[in-house]
Amino acid sequence: MSTVNGPVVFDAHTLPADDNVNPYAFSVDLDGQWFLQKGKMIAYYGHIDFHGIGHGRLDRLIAHSFHSPLHAADWVVAEGKGKMLLADRSFDVNSYDLEDGNLTVRSGNLLAFQPSLSLKQSIVPGFLTLIGTGKFVAASNGPVVFVEPPIRVDPQALVGWADCPSPCHHYDHHYLRGVLGGVRAFTGLGGTSGEEHQFEFVGAGTVLLQSTEQLMAEIPTGETPDQAGVPHATPSNQPSMPRMPGQLGDLQRRFGL
Amino acid sequence: MAQFRLQGSKVLAVDLTGDAVKAKNGSMVAYEGDMTFKKMTGGGDGLRGMVTRRLTGEQMEVMEVKGHGTCYFADRATEVNLVSLRGETLYVEASNLLAADASLRTGTTFTGLRGASQGNGLFTTTVEGTGQAAIMSDGTAIVLRVTPSTPLQVDPGAYIAHTGKLKQHFQSGVNFRTFIGEGSGEAFQIRFEGEGLVYVQPSERTTFGGDV
């Protein structure tokens, strides 16, 4: 069997260790544990078990690496030894190394991470923050571009940011000012360019952009505590009922209803 | 014999000198020279194919392309992968087969539970003989070698094809946690053992198994 100008053949030993196989698939050299989003494993060599999280044996690990327990059901722990391939609907995947750092990423883009990192909900709704040292894998619609602030970016192109630049909204006030501007903004009459609103980043750090404006579906980041001063996620992003560990719920979502 | 080559990664070019290829119905995008296109019944297997493919649900709309020149094939901008066969059998889902040399025999075979878990039915298409075939994948396909010492587990939704002497097992990690809503999302896998190559795509079809 030969593959004339066909793809390269990989085996258990020639698969890259913790690196991309091609722009759409990432190979993890697993020896221990990794967190991954449900259903993103496409193949593996070796002995690997997959555990839904939120139960007994993995409690200590989860206490260390997982700080938004109410969305735990979307994550899986892969445990064992072998090579594991990750991919997500043939989107581009990239791995990132954090060294005693932090990175905030849109919830739907994060695919997998090492347990040496801890995952927390971001104060910004719909985003997750990874803190610590280790490797993680994120997907994006098109290759990722790294830029340094100060910069204004299109909301749909934003994947995440690292090392704490400050994210804020920016409006094109010259265009939106006055009665006519209001009419334009609310009705689109008189022509809007669709670019009157951006996210602005200032401060030291890096901003990650994807090269299309097609968002990846968000996954719920969990309810935030109901306290004064805590920003709330929009209801569309969140399940209407908070999910408790061990709860029967969300089966309907998993069956695509 | 028809010469298969890739024009970019998403278009298959076939050079024909009076011979023929079988290709997915409607997948021709352009041609140079003289070509005739003939719809083939029963996935190219004639009356027997009509009956077995109807019975097995492994429907395949195939046309025969014959002539002199170059014919280009593509389907929904999916990636095309070439496979050269020398007397072996290629097992592939009918929906992933783009084209095959006319001298290759196609048929259907029983796959058991693996097919059911993929939502592709209990049967799969076989291509055997000597010649080239082109298979499609959602994203660049990855070819993984299986040896007796390194068996491979594949998510049913990412599997597209395999060749060689491989035994398939259906492996399930379903336990009581799956039923209390804490499944791992990786409850079903196909385990390949033996000697051969498995083609996977970096994307998962929606399957029942992927959800629990």
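All figures in this text were calculated on a predicted structure; none of them were measured in a lab. (Residues numbered from 1 in each chain as written. Chains lettered and ligands numbered in written order. Predicted model: local features only at pLDDT ≥ 70, side-chain atom pairs only at ≥ 80, totals over all residues. Heavy atoms only, no water.)

Asker: What's the story with the pairing of strand β4 (residues 62-73) of chain B in this structure? I'm lost.
Answerer: Both faces of the sheet carry side chains from a regular strand, because those side chains alternate between them. All names here are of chain B. In terms of burial, β4 is largely enclosed, as nine of its 12 residues are buried. Relative to β4, strand β3 (residues 28-40) is paired through 12 bridges, and the arrangement is antiparallel. Each residue of the ladder has a partner; that of M35, found in β4, is G67. (Buried < 20%, exposed > 50% of the residue type's maximum accessible area, 1.4 Å probe, protein only. Helix = DSSP H or I, 4+ residues; strand = E, 2+ residues; numbered from the N terminus. Pairing = 2+ DSSP bridges.)

Asker: Teacher, can you tell me more about the pattern of salt bridges here?
Answerer: Close approach of charged atoms allows side chains with opposite charge to pair. All told, the structure shown has 11 salt bridges over all chains when counted by the stated rule. A salt bridge links K135 of chain A to D97 of chain A; its shortest N-O distance comes to 3.4 Å. Of this pair, K135 of chain A sits in strand β9 (residues 127-140) while D97 of chain A sits in strand β6 (residues 92-106), placing them 38 residues apart in sequence. By relative accessible area, D97 of chain A is classed as exposed at 57%. The salt bridge involving R5 of chain B is made with D15 of chain B; its shortest N-O contact spans 3.0 Å. Of this pair, R5 of chain B sits in strand β1 (residues 3-7) while D15 of chain B is found in strand β2 (residues 11-24), placing the two residues 10 residues apart along the sequence. Judged by relative accessible area, D15 of chain B falls into the partly exposed class, the value being 26%. The structure contains a network of salt bridges with shared partners spanning K40, D88 and R89 of chain A. (Salt bridge = Lys/Arg side-chain N within 4 Å of Asp/Glu carboxyl O.)

Asker: What am I meant to see in the side chain of N81 of chain B here?
Answerer: Residues and elements named next belong to chain B. Within the element layout of this structure, N81 appears in strand β5 (residues 79-92). The class of N81 is buried, set by a relative accessible area of 4%. At 3.1 Å, the side chain of N81 and the side chain of S137 are in polar contact. (Polar contact = N/O pair within 3.5 Å; in protein donor to acceptor, adjacent residues only side chain to side chain.)

Asker: Help me out: how do you make sense of the packing of aromatic side chains in this one?
Answerer: Aromatic ring pairs: the centre-centre distance and the angle between the two ring planes describe each pair. Residue and element names in this part refer to chain A. Per the stated rule, a full pass over the model turns up eight aromatic pairs over all chains. Ring geometry for F127 and W161: centres 5.1 Å apart, planes at 45°, overall tilted. With F127 in strand β9 and W161 in strand β12 (residues 158-162), this pair connects stretches of sequence that are 34 residues apart. Site record: aromatic cluster; members linked through ring pairs are Y96, F136 and F146. (Phe/Tyr/Trp six-rings, centres within 6.5 Å; stacked < 30°, edge-to-face > 60°.)

Asker: When you look at the side chain of N22 of chain A in this model, what are you seeing that I'm missing?
Answerer: Relative to the helices and strands, N22 of chain A resides in strand β2 (residues 19-22). Since its relative accessible area comes to 11%, N22 of chain A is described here as buried. A distance of 3.3 Å separates a polar atom in the side chain of N22 of chain A from the backbone oxygen of T140 of chain B. Beyond its immediate stretch of four places on either side in the chain, N22 of chain A contacts T140, A141 and I142 of chain B. (Contact = heavy atoms within 4.5 Å.)

Keep in mind these values describe shape, not function.
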